[in-house]
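Coordinate inspection notes
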Amino acid sequence: MTSAPAEPPVVVVVGAGPRATGLLERIAANTAAGYGGPDPAFVLHLVDPYPPGPGRIWRREQSPLLWMNSMAEDTTLFTDETVEIEGPVVPGPALHDWAGIGGRTFPDRRTQGAYLRWAYEQARAALPPGIVVHEHRTRAVRLEGPREGRQSVWLADRESPLTADLVVLTLGHQEAELAPEERQFAAHAAREGLTYLPPDYTADTDLRGLRAGEPVLVRGLGLAFVDLMVLLTEGRGGRWTPEGRYVPSGKEPILYVGSRRGVPYHVKLGYRLEGELPKLPRFFGPEQTTGLLAREGPLDFRADVWPLVAKELGWAHYHRLLTTRPHAFAVDRDAFESGYAAADPYDGSLDAFVRTAVPAATDRLDLDALDRPLAGWTARTQEEAQARLLAHIDADLDRRHDPAHSEDLAVFMALLSVYGQLMRLGDLGTWWHGFFSFLASGPPGPRLRALRGLAEAGLVRFLGADMTVRAVDGAFEARSASLPEHAVRARALVEARLPQPEAGRVRDPLLRGLFAAGALATEDGLLAVTPGDGRVRWNDGSTHPRLFALGPHTDGRGAGAFTRPRTNSPAFRQNDATARALLAGVHGTGVPGTGVSGAAVASERGGAGAVGVSGAGPAAVAVAVAPAFVPVPVAGAASGEGAGGVSVGLSAGSSDVLSAGSPDVLSAGPSPETSADSSAGPEPGRDPDAGSVSVPTTTSAVKESVR
């Protein structure tokens, strides 16, 4: 009498966007190299209401007017020799090579989606025959199960759950319940028949309540605003002349826009760095981060970490300046470098040394002025504020496209280096992510020129810094610190940003259930994970032996799903470590009953039995494809949900998931999308219209689909 064959282990991945794609790629690469045994066999479920690979953010069903925020040559899902991983390096094409487009163009998001879909298909095809993949176009709504036993993953469209030995959450950016002020504004809009669009992903926002010719208040001048601006102008039939003048269609509203800083994100840098590069990291490297980790008690970013970060950024700036403009210094190179190295960043002596050694304030790196360019400045009229903002935009476009100021690009490179080190420290709050995005993840040059052109056409009016809004009878009213004597009223208000993942406001029911069950949440509402392989941490100090999480819903959010080539991407390192932990788990080196050993359970690298993946976007795809790339999708239960909208004048909110704080592309940092554009006007050099993304399985087939 023969016994029934044992059921194969099961892995469930919730979220199938770019991050999952990168994970799949690493599973395929490691199994091809023999890791996990000669004939690995398990069942892999991918759960996401959106297409595997592109997921929600990069799906075809969105306007071709929406671009990536990175140049094509700065976008890859594949490892190279710079990536420090235990698994094999499997090179693959960056986006521009794959699509056959110029490396310094900014493709539309649908082209990136086709690339992600192709990478997913390649990864899936590279899996050995024993790994069976099932796609579920639905949401995962609940996760249950004892830590020592198999897990139940409940799906929205099934009466019985998927039973998993291991579960990976690659959920992407999360939606949130409305904050108190947002709830107040939503209720006000419903009572008064107004339009209020709370924070959300711009491409999914219902903009019909924003009426032609009427004023609309907009809070936010980041990448979400850029998308909103495009959809309400070119998206409504406006056009640009060859000379760069905007010709309205008559369907556009008038946007009154402000933010905390009051200025747009810095435009992408428009040149390549030539000549001598500073060696990075120099003052904020592994030794310094190890020292910070050894301190007792929680770290305060501004007091404990920022001084070291600022010294590293300053080193990049002054090192480059010594090369290009040595006459800016009152001391010779050796004296400056030795004095700078010896100065303490914590007690003020570094600032004092720099003031003496670099006499002209315009040659010094002033990070406070960079962060808040309108601090202390006021205007008496809106026209005065308009002129100041236009001058700021002109200066930014000029400087960021002039290699004579190449110290800016050196600082950008230092920002990427810093981000790579900060990953070791875990999540340190929102300020740093915002600063990084403002400085390094701004719009392409054509988009900032378009903003200027729309302002000249009277369709964008700038309100300045520290914008506040209040509900008044029959309207919303906006003021700002830059215009203290001026107020603007409108029947529509748009929050041009992504929802903030604060604790207690996470909308995704699966994550809410995890937090209620004891998963550790940061103060910002992010899921706490181990920095190596993304194992979910628990409030009691332990790690879950069967549950992993990767992506922006975790405190490892700095690592974006896809990245710039040759930057030793933290995301690729995480993907590889997690893939190997999963393979160890399903192959008998992990938890009792699923193959994972007790020692592995106790460690940060422990594995588990069956694995479940919820979400079918690029994140989930990464697990199956040998070439790893990871964009920023919204996968799984949260990936596909819109913020809904309060109608009667309320619709879904708007925001850009691609910013480095939302990184579009993260390599050594959250969004190292350095980009430049060569066009002289607001129109891009190329804005390819991706065709159908119907699961092509060959490079030529997918390339054909984007032409």
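Residues numbered from 1 in each chain as written. Predicted model: local features only at pLDDT ≥ 70, side-chain atom pairs only at ≥ 80, totals over all residues. Heavy atoms only, no water.

The name that an unreviewed UniProt entry assigns to the protein is FAD/NAD(P)-binding protein, with the source organism given as Streptomyces evansiae.

Moving on, we come to the sheet that holds strand 9 (residues 215–219). On the basis of which strands lie adjacent, the open sheet formed by five strands has the order 8-17-9-12-13 and parallel pairing. Strands at the two margins of the open sheet, each flanked by one partner only, are strand 8 (195–197) and strand 13 (460–465). When the angles between neighbouring strand axes are averaged without regard to direction, this sheet yields 15°. Taken together, the five bridges between strand 12 (residues 254–259) and strand 13 define a ladder with parallel strand orientation. What sits directly across from Y256, in strand 13, is R461. Helix-sheet contacts for helix 4 (residues 180–192) involve strand 8, strand 9 and strand 17 (492–495), and the interaxial angle to strand 8 is about 155°. (Pairing = 2+ DSSP bridges. Helix = DSSP H or I, 4+ residues; strand = E, 2+ residues; numbered from the N terminus. Axes fitted to C-alpha atoms, helices over the stretch in contact; angles between N-to-C directions. Contact = heavy atoms within 4.5 Å.)

Another point: the sheet that holds strand 5 (residues 151–155). What the three strands build is an open sheet, ordered 4-5-6; its pairing is antiparallel. Single-partner strands in this sheet number two, and they are strand 4 (140–144) and strand 6 (162–164). Geometrically, the sheet is characterised by an average inter-axis angle of 25° between neighbouring strands, direction not taken into account. When strand 5 meets strand 6, the two strands line up antiparallel, connected through three bridges. The partner of S152 across the bridge, within strand 6, is T163.

So, on to helix 7 (residues 301–324). Residues separated by three or four positions in an α-helix point in the same direction, a consequence of the helix having 3.6 residues per turn. If you check helix 7, its first and last C-alpha atoms are 32 Å apart, about what 24 residues at 1.5 Å a residue would give, namely 34 Å. Along its length, helix 7 shows its largest kink, about 30°, at P307. Here helix 7 lies mainly inside the structure; 19 of its 24 residues are buried. A distance of 3.2 Å separates the backbone nitrogen of R302 from a side-chain oxygen at the start of helix 7, and that oxygen is part of D300. (Expected span 1.5 Å × (residues − 1). Bend = angle between axes of the 7 residues up to and from the residue. Buried < 20%, exposed > 50% of the residue type's maximum accessible area, 1.4 Å probe, protein only. Polar contact = N/O pair within 3.5 Å; in protein donor to acceptor, adjacent residues only side chain to side chain.)

Attention now moves to the environment of D48. Along the chain, D48 falls in the loop between strand 2 (42–47) and helix 2 (95–99). Note on D48: relative accessible area 0%, which makes it buried. For the pair D48 and R137, spaced 89 residues apart in sequence, the C-alpha separation works out to 5.1 Å. Polar contacts involving the side chain of D48 include one to the main-chain amide nitrogen of A16, which spans 2.9 Å.

Residue P281 is reached from L280 by a cis peptide bond, and omega for that bond is -5°. When you line up the elements, P281 lands in the loop between strand 12 and helix 6 (286–293). For R566, which is not glycine, the phi torsion reads 60° and is therefore positive. Residue position: R566 is located in the loop between strand 19 (543–549) and helix 16 (570–586). Given a relative accessible area of 52%, R566 falls into the exposed group. Despite not being glycine, N568 shows a phi value in the positive range, around 50°. Mapped onto the elements of the fold, N568 is located in the loop between strand 19 and helix 16.

This part is about the packing of aromatic side chains. Counting across every chain of the model gives 31 aromatic pairs. Judged by centre distance (6.1 Å) and plane angle (40°), the ring pair of Y196 and F476 falls under tilted. With Y196 in strand 8 and F476 in strand 15 (residues 475–480), the pair connects residues that are 280 residues apart, well separated along the chain. The class of Y196 is buried, set by a relative accessible area of 0%. When its relative accessible area of 0% is taken as the criterion, F476 is described as buried. A ring pair is formed by F301 and W306, whose centres lie 6.2 Å apart and whose planes are at 45°; its orientation type is tilted. These aromatic residues form a ring-pair network of at least three members: F283, W315, Y318, F329, F336, Y340 and F353. Above the ring of F438, the side-chain terminus of R261 is found at 4.2 Å from the ring centroid. The ring of W431 is capped by R302, whose NZ or CZ atom sits 4.1 Å from the centre of that ring. (Phe/Tyr/Trp six-rings, centres within 6.5 Å; stacked < 30°, edge-to-face > 60°. Lys NZ or Arg CZ within 6 Å of the ring centre and 35° of its normal.)

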